[in-house]
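Chain residues, written in single-letter form:
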Amino acid sequence: MKIAVMSCIHGNYEALDAVLLDIDQQKAEKIFCVGDLVGYGPHPNAVVAQIRALDIPTCVGCWDEDIVEGLNACDCSYPSLLAEKRGIQAHEWTNKEINPENREFLAKLPHSFKEGNLAFVHGSPHSNHEYLLPQLDAFVALERVISTDSDVLFCGHTHVPYARTLDGGQLKIHVDRGEKSEEMSFTSPLKRIVNVGSVGEPRHGRPNATYVIYDTDTQEVKLREVPYDYQKTCAAIIEKGLPAIFAWRLAHGLEYAERADDPTHVCTR
């Protein structure tokens, strides 16, 4: 069976519409979403309404969570005070824009869910704010997958797609306690982490939306890249009064981070 997995739509309805059309053309039988339906983009209600209408299984993203519960990310998660101010501005705008029905939908989204041997989270099984980067220590990455009791872990949050295979083999743990030591070993089967990138705010160097097609029979992963009229979304960002830099980075498919004006404000964790 072919399934489609997407993430980080961020209120970009034009990108979502293009991805849904591509999913249909790929003949995927099921669609899953790993969160961040809102934030940054100009059409949060339209995006949430479409996900609801199609009854797409979705887990909560960090932006979805923040709109429901208020800003709860660590206050050093922005590269500069200016970037933080823009993030707060986008949060406040989205918080006012979202309607009660869609807010209630976001409030009921689970942190994670499973489908057979597949697990779905936004950031990581431990936190919506944790980035599972491709260069993450292999042992840590393997632990994240094993903690879900699955073989394939789908995530988003980084806005950059990748597929990583983890061949655990036999793992040995030795604990030396002076006079007493302990050694444990276990064999881990092949595990995978698949980051599905971002539909609504890609950061892989191009403005095209990204998502993943996964074949449950062959285990083949296809990273899909879908062009769309991103300039229409950029214009809407400006029209709605959101920070203009959001339109710039959407058009370039890049994050934009100024040099930190206060080095103590940079997150070092």
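Structure shown above.
We now turn to the structure provided with this report.

Cut-offs applied
- Residues numbered from 1 in each chain as written.
- Predicted model: local features only at pLDDT ≥ 70, side-chain atom pairs only at ≥ 80, totals over all residues.
- Heavy atoms only, no water.
- Helix = DSSP H or I, 4+ residues; strand = E, 2+ residues; numbered from the N terminus.
- Buried < 20%, exposed > 50% of the residue type's maximum accessible area, 1.4 Å probe, protein only.
- Contact = heavy atoms within 4.5 Å.
- Areas by Shrake-Rupley, 256 points an atom, 1.4 Å probe, with all protein chains shown as cover.
- Pairing = 2+ DSSP bridges.
- Axes fitted to C-alpha atoms, helices over the stretch in contact; angles between N-to-C directions.
- Right-handed = clockwise from strand over helix to strand, strands pointing away.
- Left-handed = near helix turned anticlockwise from the far one by under 90°.
- Nonpolar A, V, L, I, M, F, W, Y, C, P; charged D, E, K, R; others polar.
- Salt bridge = Lys/Arg side-chain N within 4 Å of Asp/Glu carboxyl O.

Bringing the overall build of the protein into the picture now. Scanning the protein from N- to C-terminus turns up eight helices and nine strands. Residue burial in the protein is summarised as follows: out of 269 residues, 49% are buried. Taking the intrachain contacts of the protein between residues at least 6 apart in sequence as the baseline, contacts between residues at least 24 apart amount to 75%. Put simply, the protein shows about 13000 Å² of open surface, and 50% of that area lies on carbon and sulfur atoms.

A word on the sheet that holds strand S1 (residues 2-6). Taken in spatial order, the four strands of this open sheet run S2-S1-S8-S9, and their pairing is mixed. Of all the strands in the sheet, the pair left with one neighbour each is strand S2 (30-33) and strand S9 (221-226). The sheet shows a mean angle of 25° between the axes of neighbouring strands, taken without regard to direction. Across six bridges, strand S8 (residues 209-215) lies against S9 in antiparallel orientation. Its bridge partner lying in S9, Tyr 211 is registered against Arg 224. The strands touched by helix H1 (residues 13-25) within the sheet are S1, S2, S8 and S9, with S8 carrying the most contacts at an inclination of about 25°.

Take the pairing of strand S5 (residues 152-155) next. Side chains Val 152 and Phe 154 of S5 all project onto a buried face; the interleaved residues Leu 153 and Cys 155 project onto the opposite face, where all are buried too. Pairing geometry for strand S4 (residues 118-121) and S5, over three bridges, is parallel. Each bridged residue has a counterpart across the sheet, and for Ala 119 the counterpart in S5 is Leu 153. Handedness of the S4-helix H6 (residues 138-146)-S5 crossover: right-handed.

Right, let's talk about unusual backbone geometry for a bit. In this model, His 10 sits at a positive phi of 50°, which is unusual for a non-glycine residue. By secondary structure assignment, the location of His 10 is in the loop between S1 and H1. Overall, His 10 belongs to the buried group, its relative accessible area being 1%. Although it is not a glycine, Gln 219 adopts a positive phi angle of roughly 65°.

Looking now at the packing of helix H3 (residues 62-69) against helix H4 (residues 81-97). Relative orientation of the contacting elements H3 and H4 amounts to 65°, with a least axis distance of 10 Å. The element H3 and its partner H4 pack so that their crossing is right-handed. Only Gly 87, Ala 90, His 91, Thr 94 and Asn 95 of H4 make contact with H3, whose side of the interface consists of Trp 63, Asp 66 and Ile 67. A breakdown of the residues in the contact of H3 with H4 according to their chemical character gives three nonpolar, four polar and one charged.

Here the focus is the pattern of salt bridges. Under the counting rule described, the total for this entry stands at twelve salt bridges. Put simply, Asp 22 and Arg 224 hold a salt bridge, and the shortest N to O gap is 3.0 Å. Here the residue Asp 22 occupies a position in helix H1, and Arg 224 occupies one in strand S9, the gap between them amounting to 202 residues. Of the charged contacts, one joins Glu 115 and Lys 30 as a salt bridge, the two residues approaching to 2.6 Å between their closest N and O atoms. Of this pair, Glu 115 sits in strand S3 (residues 112-115) while Lys 30 sits in strand S2, and the two are 85 residues apart along the sequence. Classification of Glu 115 as partly exposed rests on a relative accessible area of 29%. Residue Lys 30 is classed as partly exposed on the basis of its relative accessible area of 36%. Here the salt bridges share partners, and the residues they tie into one network are Glu 201, Arg 203, Arg 249 and Glu 255.

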